Amino acid sequence: MILNKDTAKKTAELLLQVKAIKLSPNEPFTWASGWKSPIYCDNRVTLSYPPVRNFLKEKIAKLVEEKYGKPDVIAGVATGAIAIGVLVAQELGVPFVYVRPEPKKHGRKNQIEGFIESGQNVVVVEDLISTGKSSLNAIKALKEADVNVKGMVAIFSYGFSVATETFEEHNLDFSTLSNYEVLLEQALESNYINEKELITLESWRLNPSEWKQ
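Note that the structure is predicted; figures quoted are calculated from it, not measured.

Trainee: Sorry if this is basic, but what is going on with the layout of surface pockets here?
Mentor: If you roll a probe as big as a water molecule over the atoms, it shows you where there is empty space left. Reported here for the largest pocket is a volume of approximately 620 Å³. Around the largest pocket, the lining comprises 25 residues; the ones closest to its centre are Trp31, Cys41, Leu128, Ser130 and Tyr158. Elements supplying a minimum of two residues to the lining of the largest pocket: β4 (39–41), β8 (121–129) and α4 (133–144). Broken down by element, the residue count for the lining of the largest pocket peaks at four residues, all from β8. Its residues assigned to classes, the lining of the largest pocket comprises eleven nonpolar, nine polar and five charged. For the second largest pocket, the calculated volume is near 180 Å³.

Trainee: Hey, could you run me through unusual backbone geometry in this one?
Mentor: Peptide bonds are mostly trans, and most non-glycine residues show a negative phi. A cis geometry characterises the amide bond from Ala78 onward to Thr79, with omega recorded as -5°. On the secondary structure map, Thr79 appears in the loop between β5 (73–77) and α3 (82–92). Its identity is not glycine, yet Asn191 carries a phi of approximately 65°, on the positive side. Summarising the element assignment, Asn191 is placed in the loop between α6 (180–189) and α7 (195–206). Judged by its relative accessible area of 68%, Asn191 falls in the exposed class.

Trainee: Even after reading the chapter, I still don't get the sheet that holds β5, so can you show me in this structure?
Mentor: Hydrogen bonds between backbone groups are what pair the strands of a sheet, and the pairing can be parallel or antiparallel. Spatial strand order, β7-β6-β5-β8-β9-β10: six strands in an open sheet with mixed pairing. Pairing within the sheet leaves two strands with one partner each, and these edge strands are β7 (112–113) and β10 (174–179). Note: β5 against strand β6 (residues 96–99), four bridges, orientation parallel. Following the sheet pairing, Ile74 is matched in β6 by Phe96.

Calculation notes
Residues numbered from 1 in each chain as written. Predicted model: local features only at pLDDT ≥ 70, side-chain atom pairs only at ≥ 80, totals over all residues. Heavy atoms only, no water. 1 Å grid on protein atoms, 1.4 Å probe; cavity = no way out; pocket = protein on both sides within 12 Å on 5 of 7 lines; lining within 4 Å. Points joined across faces, edges and corners; volume = space filled by probe spheres on them. Helix = DSSP H or I, 4+ residues; strand = E, 2+ residues; numbered from the N terminus. Nonpolar A, V, L, I, M, F, W, Y, C, P; charged D, E, K, R; others polar. Buried < 20%, exposed > 50% of the residue type's maximum accessible area, 1.4 Å probe, protein only. Pairing = 2+ DSSP bridges.

Here's what the structure looks like:
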């Protein structure tokens, strides 16, 4: 869910400009899952562009405060959201932790890296929501640490129904700066794609796991 259409369009515009998101309906990418996809998103690219990362930092921090108030801690999901999570925590002036996909095999065997206390209010920061599995894994670890997960904010979401349904099932409130629908709208307006390519991109989102060019 997006809360501000202007912010969503500007975010989409910036992600396309710096090639954090690439659209290639005629020569699809292959994801690690094996899915064929006409879109590839790597929001870590934004870190190399100070004006873009500052825009994202400020907008996420504002969204966090508007929805949840000032949290006790920001938690980033490793590894993609560690950097943006640190920036947001710095903007808000609050502590930061990050959550690994699983506990370390050695040392203290932490899954949550950083200092966090039982009962603290935490907002999770993600860079990208696809199926939602990594997000839920992180939230499970945080809840096991007995903290209060207020919700989650991400830069971008593909808007897959499986993610939305899973978050609803787990009663997780989430928002994103931008999403797939706004991205396509912005890409068409800026002539990044044409009407025929738009149809291809829209069809992929309906059934991504089975989609063929």
